[in-house]
Amino acid sequence: MSAPSHSSLDISRRAVMVSGAATAAMSALPADVQAAPAPSKPATMPVSFKVNGKDVSLTLDTRTTLLDSLREHLKLTGTKKGCDHGQCGACTVIVNGERINSCLSLAVQHQGDEVTTIEGLGTPDDLHPMQAAFVTYDGYQCGYCTPGQICSAVSVLKEIEAGIPSHVQEDITAAPAFTNMEMRERMSGNICRCGAYSNIAEAMAAVAGAKA
Amino acid sequence: MKSFTYERAKTPAQAAAAVAKQQGAKFLAGGTNLLDLMKLEIETPTHLVDVQDLKLDRIERTDEGGLRIGALVTNTALAADATVRRDYGVLTRAIVAGASGQLRNKATTAGNLLQRTRCPYFYDTNQPCNKRKPGTGCAAIGGFSRQLAVIGSSDHCIATYPSDMAVAMRLLDATVETVKADGKTRSIAMADFHRLPGDTPERDNELERGELITAVTLPRPIGGTHLYHKVRDRASYAFALVSVAAVIQKDGSGRAAFGGVAARPWRVEAAEAAMTQGARAVASGVFAGAKPTEENQFKILLAERTLASVMAQAKG
């Protein structure tokens, strides 16, 4: 299969890596390892919930996260998988009015729940005010974290309005204000590798009608 | 993730019985810690009993003038509760110092108490870890230990318990209420709830298999200035290097509990008699017998200075 001009050096980097990995895997197996018993079929379950106002019913492997049910089963790929461990916030969606990490929640936990994803907040022709503000204030570069940022930002304004306290409040019995410090603290669960943070805070301030 | 079956329990006793009768079964509340650990196959339950329908999500006054916090009250709801903010401010401050807004919306009171260590060697399944796999050894001892325990540790484990909320609950003399599979209830003082590692670090707390937390109760409010200072590597969304929960009265007397230093919230009541004499006097009692590593010995001085800053703030 090798081209005549390249002789024995014509081995792709990928082929080398694949064979290297196979060798490593084989040598890691002790001689006395028994073949694992054939796994039984993973458990599945039916689950129904509402996504962006529409009823959906799925039968899922119980291991399916809410995130994977949205992306892989309902093809709502606006919600992103970043770390898949609740550390980055890219998967943030709004469930029963509260933002959560959809990667740290099983789909079967959400029977009867109302889920809102970025697709449910606005459409290209009819942007949610927060989406429009992200455009106006350059609240993103690559855009990967943006759906999670926007779902979080919309919820943060509601949380401040509802008087949910935060770490940066001096008087925790008082109502929190729509300040730049509050936005930044409350958005700390959404990581942006492009570093659009200051513009995100400005977009949020614009929607809140306050000055950052 | 290993495959598992799933059910939703209707009552606390039913949930407890469901977990007790099946080896490998676990309770599932918010899932924010358990699912993470299941993805890494550090936790490998074969059956999950979801407790979200148990109606344990209320905060009520007790007959004694304290507060009964349902096991399923979310961290956000507990921090936002008007009575908690007014009478147990240290608890609100501790909760909002932890995790992120998204996690606090899903994480529950009982789940927070049951969260597992963030020791990097517990998380790395390639490493020996007596907490994850009893008898394999402790890679943290002699390893990267900057984040780990300085007191109460053993030759088998130097993991810390990561909760902020629990440090405030320990300070407030909270009690954990449980129900067992046979329907019997019991109360466990927060002081006794989390275990020190000894030679069985795999057991984080005193719960028996199938024993379900139903509530956490707080005694009557004690007044004073409520503060929680958390020192960490970034300003938000990081675990504590050291944290101090304190309630300080006008005359300078008070209580102090420390997070990030041990396998449980660390409080030495006898040392609190020295509160009026300053942070050094208290810290020397609190950290007597500490066994830090070279990498984390800074925590003892950091804890003293954090307490000093809390005391200064209380003076106003």
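Residues numbered from 1 in each chain as written. Chains lettered and ligands numbered in written order. Predicted model: local features only at pLDDT ≥ 70, side-chain atom pairs only at ≥ 80, totals over all residues. Heavy atoms only, no water.

A look at the overall build of chain B
Here's step 1: When you go through chain B residue by residue, the secondary structure sums to 12 helices and 11 strands.
Here's step 2: Relative to the compact-globule value of 20 Å for 316 residues, chain B shows a C-alpha radius of gyration of 19 Å, a close match.
Here's step 3: Taken over the C-alpha atoms alone, chain B extends approximately 55 × 50 × 30 Å along its principal axes.
Here's step 4: When the accessible surface of chain B is totalled, it reaches about 12,600 Å², and 50% of it is carbon and sulfur.
Here's step 5: Once the 41 positive and 32 negative side-chain charges of chain B are each reduced to a mean point, those two points are 3 Å apart. (Helix = DSSP H or I, 4+ residues; strand = E, 2+ residues; numbered from the N terminus. Rg over C-alpha atoms; globule rule 2.2 N^0.38 Å. Areas by Shrake-Rupley, 256 points an atom, 1.4 Å probe, with all protein chains shown as cover. Lys, Arg positive; Asp, Glu negative; His and termini not counted. Charge placed at Lys NZ, Arg CZ, Asp CG, Glu CD.)

With respect to the sheet that holds strand S1 (residues 5–8) of chain B
Residue and element names in this part refer to chain B.
Here's step 1: Here we have three strands laid out as an open sheet, ordered S1-S3-S2, and parallel in their pairing. Both edges of this open sheet fall to S1 and strand S2 (25–28), since each of them pairs with a single strand only. Strand-to-strand, the axes of this sheet are offset by a mean angle of 25 degrees, without reference to chain direction.
Here's step 2: Lying on the sheet, helix H1 (residues 12–21) is in contact with S1, S2 and strand S3 (47–50); it crosses S2 at an angle near 150 degrees. (Pairing = 2+ DSSP bridges. Axes fitted to C-alpha atoms, helices over the stretch in contact; angles between N-to-C directions. Contact = heavy atoms within 4.5 Å.)

Here we look at the packing of helix H11 (residues 279–286) of chain B against helix H12 (residues 298–315) of chain B
Residues and elements named next belong to chain B.
Here's step 1: At a closest axis distance of 9 Å, the pairing of H11 and H12 adopts a crossing angle of 140 degrees. On the basis of the axis angle, H11 is oblique to H12. You can see that H11 and H12 cross each other, and the crossing is right-handed. From H11, Ala 279, Arg 280, Val 282 and Ala 283 reach across to H12, where they touch Leu 301, Glu 304, Leu 307, Ala 308 and Met 311.
Here's step 2: Across the contact of H11 with H12, the residue classes tally to seven nonpolar, no polar and two charged. (Parallel < 35°, antiparallel > 145°, perpendicular 65-115°, else oblique. Left-handed = near helix turned anticlockwise from the far one by under 90°. Nonpolar A, V, L, I, M, F, W, Y, C, P; charged D, E, K, R; others polar.)

A few points about the interface of chain A and chain B
Here's step 1: Tallying the contact residues gives 41 residues for chain A and 39 residues for chain B.
Here's step 2: Overall, the association of chain A and chain B removes approximately 3,200 Å² of surface from exposure, summing both partners, and the carbon and sulfur fraction of that is 54%.
Here's step 3: Among the residues of chain A in contact with chain B, A:Leu104, A:Gln109 and A:Ile172 are the three that bury the most area, contributing 21% of the side total.
Here's step 4: Taken together, chain A and chain B are joined by one salt bridge.
Here's step 5: The partner of B:Lys39 in a salt bridge is A:Asp84, with the nearest N and O atoms 2.9 Å apart. (Buried area = accessible area lost by both parts, 1.4 Å probe. Salt bridge = Lys/Arg side-chain N within 4 Å of Asp/Glu carboxyl O.)

Examining the packing of aromatic side chains
All names here are of chain B.
Here's step 1: In total, this model carries two aromatic pairs over all chains according to the counting rule given.
Here's step 2: Between the aromatic rings of Phe 122 and Tyr 123, the centroid separation amounts to 6.1 Å while the plane-to-plane angle is 70 degrees, which identifies the pairing as edge-to-face.
Here's step 3: Phe 122 gets classed as buried once you look at its relative accessible area, which sits at 1%.
Here's step 4: Ring plane angle 70 degrees and centroid distance 5.3 Å describe the contact between Phe 258 and Phe 287, whose orientation is recorded as edge-to-face. With Phe 258 in strand S11 (residues 254–259) and Phe 287 in the loop between H11 and H12, the pair connects residues that are 29 residues apart, well separated along the chain.
Here's step 5: By relative accessible area, which is 6% here, Phe 287 ends up buried. (Phe/Tyr/Trp six-rings, centres within 6.5 Å; stacked < 30°, edge-to-face > 60°. Buried < 20%, exposed > 50% of the residue type's maximum accessible area, 1.4 Å probe, protein only.)

Some points on unusual backbone geometry
Here's step 1: One non-glycine residue, A:Asp84, adopts positive backbone phi at about 65 degrees.
Here's step 2: Take A:Asp84: it is sitting in the loop between helix H2 (66–73) and strand S3 (92–95).
Here's step 3: At B:Ala99, a position not held by glycine, the phi torsion is positive, near 55 degrees.
Here's step 4: Position of B:Ala99 among the secondary structure elements: in the loop between helix H5 (89–96) and helix H6 (101–106).
Here's step 5: Looking at B:Ala99, the relative accessible area reads 34%, which means it is partly exposed.

Details of the confidence of the model for chain B
Here's step 1: Mean pLDDT over chain B stands at 98; residues scoring 70 or higher make up 100%.
Here's step 2: Across the assembled chains, the prediction reports ipTM 0.97 with pTM 0.92. (pLDDT = per-residue confidence, 0-100.)

Details of the domain arrangement of chain A
Residue and element names in this part refer to chain A.
Here's step 1: What the domain assignment reports for chain A is domain 1 (43–121) and domain 2 (122–212).
Here's step 2: Put simply, the middle of domain 1 and the middle of domain 2, counted by C-alpha atoms, are 22 Å apart.
Here's step 3: At the interface, 17 residues of domain 1 touch 17 residues of domain 2.
Here's step 4: Of the roughly 1,400 Å² buried where domain 1 meets domain 2, counting both sides, 54% is carbon and sulfur surface.
Here's step 5: Of all residues in domain 1, Arg 99, Ile 118 and Leu 121 bury the most surface against domain 2, accounting for 47% of the area lost on that side.
Here's step 6: If you look at where domain 1 meets domain 2, you find one salt bridge.
Here's step 7: Where Arg 99 meets Glu 159, a salt bridge forms, and the shortest distance between an N and an O atom there is 2.9 Å.
Here's step 8: Taken together, domain 1 and domain 2 are joined by seven residue pairs in polar contact (both at pLDDT 80 or more). (Domains from an automatic or database assignment. Polar contact = N/O pair within 3.5 Å; in protein donor to acceptor, adjacent residues only side chain to side chain.)

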